[in-house]
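Listed below, chain by chain, are the residues.
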Amino acid sequence: MTQADTDLRDAARAVRENAYAPYSRFKVGAALRTPSGRVFSGCNVENVAYPEGTCAEAGAIAAMVAAGETRIAAAYVVADSSAPVPPCGGCRQKIAEFADPDVVVTLATTAGTETSLRVAELLPGAFGAGHMEGA
Ligand code: THU
């Protein structure tokens, strides 16, 4: 594991501690590295009006965009789950907006089990701008 990958994992693990998940009690942390080497992180933020909750991935993406960056070079998602946590469908689409198909997304448990997938594997057949040509 490179130092950059260790840093990405540590950022996701650290931000997960701040997750606000009183309803599901399922804390998730996500970290993104951009081509410039900066790391942005986010955690899930639930709400008593359940659909208003946001995922960890969405928080990390919002932090990246707010900082003026729009490309993801690598991503790491971690939860205290029995198997590496798979991002929800909406987050797969959100990641695909900012990442090339070959970007690696690592899904992990707090115990250390990791699965790495490329964006193209996370969201096969992704809807993209090309599908609107001719509209
Ligand atoms: N959750 C995430 O934040 N990311 C994922 O990849 C999966 C699910 C959150 C949403 C909700 O707060 C809790 O986990 C249970 O679904």
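Residues numbered from 1 in each chain as written. Predicted model: local features only at pLDDT ≥ 70, side-chain atom pairs only at ≥ 80, totals over all residues. Heavy atoms only, no water.

Under the criterion given, the structure shown has zero disulfides. Of all cysteine sulfurs in the structure, the one in Cys88 sits closest to Cys91, which takes part in no disulfide; the separation is 3.8 Å. (Disulfide = S-S within 2.5 Å.)

Bringing unusual backbone geometry into the picture now. Phi at Arg25 takes a positive value of approximately 60 degrees, unusual for a residue other than glycine. Positionally, Arg25 belongs in the loop between α1 (3-16) and β1 (28-33). With a relative accessible area of 69%, Arg25 lands in the exposed category. (Helix = DSSP H or I, 4+ residues; strand = E, 2+ residues; numbered from the N terminus. Buried < 20%, exposed > 50% of the residue type's maximum accessible area, 1.4 Å probe, protein only.)

As a structural note, the neighbourhood of the ligand is formed by Ser24, Phe26, Val28, Asn44, Glu46, Cys55, Ala56, Glu57, Pro86, Pro87 and Cys88. Notes on the ligand: free accessible area 370 Å², of which the protein chains cover 77%. (Near = heavy atom within 4 Å. Areas by Shrake-Rupley, 256 points an atom, 1.4 Å probe, with all protein chains shown as cover.)

Residues Leu32, Ile61, Met64, Ile72, Ile95 and Val105 are the most contacted members of the largest nonpolar core, which totals 21 residues. Counting residues per element, the ones that place at least two in this core are β1, α2 (56-66), β3 (72-79), α3 (89-98), β4 (99-109) and α4 (119-122). With residues up to four places along the chain from it excluded, the contact list for Ile95 reads Glu57, Ile61, Ile72, Val105 and Val119. Counting seven residues, the second-largest nonpolar core is a separate cluster that includes Ala12, Ala31, Ala74 and Ala108. (Core = buried A, V, L, I, M, F, W, Y, C linked by side-chain atoms within 4.5 Å. Contact = heavy atoms within 4.5 Å.)

A separate point is a nonpolar patch on the surface. Together, Tyr20, Tyr23, Val45, Val48 and Tyr50 line one region of the surface with nonpolar side chains, adding up to about 550 Å² of accessible area. The class for Tyr23 is partly exposed, based on a relative accessible area of 37%. (Patch = residues over 30% accessible without salt bridge, like charges linked within 9 Å, V, L, I, M, F, W, Y side chains within 5 Å. Salt bridge = Lys/Arg side-chain N within 4 Å of Asp/Glu carboxyl O.)

For the pair α2 and α3, interaxial distance at closest approach is 10 Å and the crossing angle is 25 degrees. When the axes of α2 and α3 are compared, the pair comes out roughly parallel. Crossing of α2 over α3 shows left-handed handedness. Across from Glu57, Ala58, Ile61, Met64 and Val65 in α2, the residues of α3 making contact are Cys91, Lys94, Ile95 and Phe98. (Axes fitted to C-alpha atoms, helices over the stretch in contact; angles between N-to-C directions. Parallel < 35°, antiparallel > 145°, perpendicular 65-115°, else oblique. Left-handed = near helix turned anticlockwise from the far one by under 90°.)

A separate point is the UniProt feature "binding site: substrate" (unreviewed entry) in the protein chain. This chain's UniProt record puts "binding site: substrate" (unreviewed entry) on Asn44, Val45, Glu46, Asn47, Val48, Ala49 and Tyr50. Its location among the elements puts Asn44 in the loop between β2 (39-43) and α2. Under the relative-accessibility criterion, Asn44 is labelled buried at 6%. Not counting the four nearest positions on each side in its chain, Asn44 is found in contact with Ala19, Tyr20, Ala21, Phe26, Lys27, Val28, Thr54, Cys55 and Ala56. Following the sequence through the fold, Val48 ends up in the loop between β2 and α2. (UniProt positions renumbered as here; feature names shortened; annotations may be inferred.)

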